[in-house]
Amino acid sequence: MSTRADKTTAAEAQIDTPREAQQRKDSYDPGKFERPSVTVDVVILTVRERRLEVMLVRRRHWPFEGMWAIPGGFIAPNESLEDSARRELREETSVSDVYLEQLYPFGDPGRDPRTRVITVVYYALLRADQLHLRAGDDASDAQWFPAYGHPSLAFDHDQILDYTRQRLRSKLEYTTIGYQLLAPAFTLSELQEVYEAILNRPLDKRNFRKKVLSTGILEQLPETRKAGQHRPAALYRFNPKADK
């Protein structure tokens, strides 16, 4: 049963007319509020020579001039967070069609000496055949470094990279994210190398293969690949149907 309180009229609710709404909008002053700057940082990772590597840029300007950092920049007013991340990725690597995932926001008030800056971190996974480097406008150099054993980084980027490694290791346990770092066709040895690079430790070959093959997410191909003096190795591909 409705009560008098339930039957609120438009006048009682003080619903603005279009003219009143426009007047309220015109009188609103966003300058009354302090607004932090927002950046996007992109942790770009790959596996080369059996190790996980991260792309770093050397800063050209203050603050932290000359130090290595994770590539990133301020977002444009008309950009979404992901659009900004993909732009940064293109500027640094010339590629955009890669795995990209939002990681976490970092907003400690003292993380940037210039002003109050909140950054939203993404990470991108590139196959070895996708590697291209070019330093952005605010960087003097760009290089690949071991993700475990990199130089000291600017801002709070050591913390960001550590968090990224933790997330990636964790996702290996319950997702197929490791396959993003492989060519469409790969050997079991190549797959194991990716896992070992991310985990930063060796894995038992027999147990690894038994566990991976038991999941049913791999499909063996009729082709083989010969490496060195060893006998040809069977090739596999990720079975997308197994991930549904």
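We now turn to the structure provided with this report. (Residues numbered from 1 in each chain as written. Predicted model: local features only at pLDDT ≥ 70, side-chain atom pairs only at ≥ 80, totals over all residues. Heavy atoms only, no water.)

## Comments concerning unusual backbone geometry
Worth spelling out the cut-off: Helix numbers and strand numbers start at the N terminus; a helix is a DSSP run of H or I with at least 4 residues, a strand a run of E with at least 2.
Of the consecutive residues Trp-62 and Pro-63, the connecting peptide bond is found in the cis state with omega at 0°. On the secondary structure map, Pro-63 appears in the loop between β2 (51-59) and β3 (68-69). At Asn-200, a position not held by glycine, the phi torsion is positive, near 60°. Take Asn-200: it is sitting in the loop between α5 (188-199) and α6 (205-214).

## Examining α5
Where we set the bar: Between the first and last residue of a helix there are one fewer steps than residues, each counted as 1.5 Å, and that sum is the expected span. Throughout, exposure labels follow a simple rule: accessible area from a 1.4 Å probe, protein chains only, divided by the maximum for the residue type, with under 20% read as buried, over 50% as exposed, and the rest as partly exposed. Here a residue-residue contact requires only that any non-hydrogen atoms of the pair lie within 4.5 Å.
Its 12 residues give α5 an end-to-end C-alpha distance of 16 Å, which sits within 8% of 16 Å, the value for a rise of 1.5 Å per residue. Residues of α5 that are buried include every one of Leu-188, Leu-191, Gln-192, Val-194, Tyr-195, Ala-197, Ile-198 and Leu-199, and no others. The secondary structure elements touched by the buried residues of α5 are β1 (37-48), β2, α4 (157-172), α6, β8 (218-225) and β9 (233-238).

## Observations regarding the environment of Arg-127
Let me state the cut-off plainly: We define a polar contact as two N or O atoms separated by no more than 3.5 Å, with the added condition that, inside protein, one atom must be a possible hydrogen donor and the other a possible acceptor, whereas residues neighbouring each other in sequence contribute only through side-chain atom pairs.
For Arg-127, the position within the fold is in the loop between β6 (117-125) and β7 (139-146). A sequence separation of 54 residues divides Arg-127 from Leu-181, and the C-alpha atoms of the two residues are 4.7 Å apart. Beyond its immediate stretch of four places on either side in the chain, Arg-127 contacts Thr-46, Gln-180, Leu-181, Leu-182 and Ala-183. Of the polar contacts made by the side chain of Arg-127, one reaches the side chain of Asp-129; its length is 3.0 Å.

## Focus on the packing of α4 against α5
The condition is simple: Only the contacting stretch of a helix is used when fitting its axis, a line to C-alpha atoms as for every element, and angles between N-to-C directions run 0 to 180 degrees. Just so you know how the angles are binned, under 35 degrees is roughly parallel, over 145 roughly antiparallel, 65 to 115 roughly perpendicular, and the rest oblique. Each helix crossing is assigned a hand: it is left-handed if the near helix lies turned anticlockwise from the far helix by less than a right angle, otherwise right-handed if that turn is clockwise. Residue polarity is assigned by list, with Asp, Glu, Lys and Arg as charged and Ala, Val, Leu, Ile, Met, Phe, Trp, Tyr, Cys and Pro as nonpolar; anything else, Gly included, falls into the polar class.
Taken N-terminus to C-terminus, the directions of α4 and α5 make an angle of 140°; their axes are 9 Å apart at the nearest point. Regarding the angle of α4 to α5, the classification is oblique. α4 and α5 meet at a crossing whose hand is left-handed. Residues Leu-168, Arg-169 and Leu-172 of α4 pack against Tyr-195, Ile-198 and Leu-199 of α5. Partitioned by chemical class, the residues of the contact of α4 with α5 number 5 nonpolar, no polar and 1 charged.

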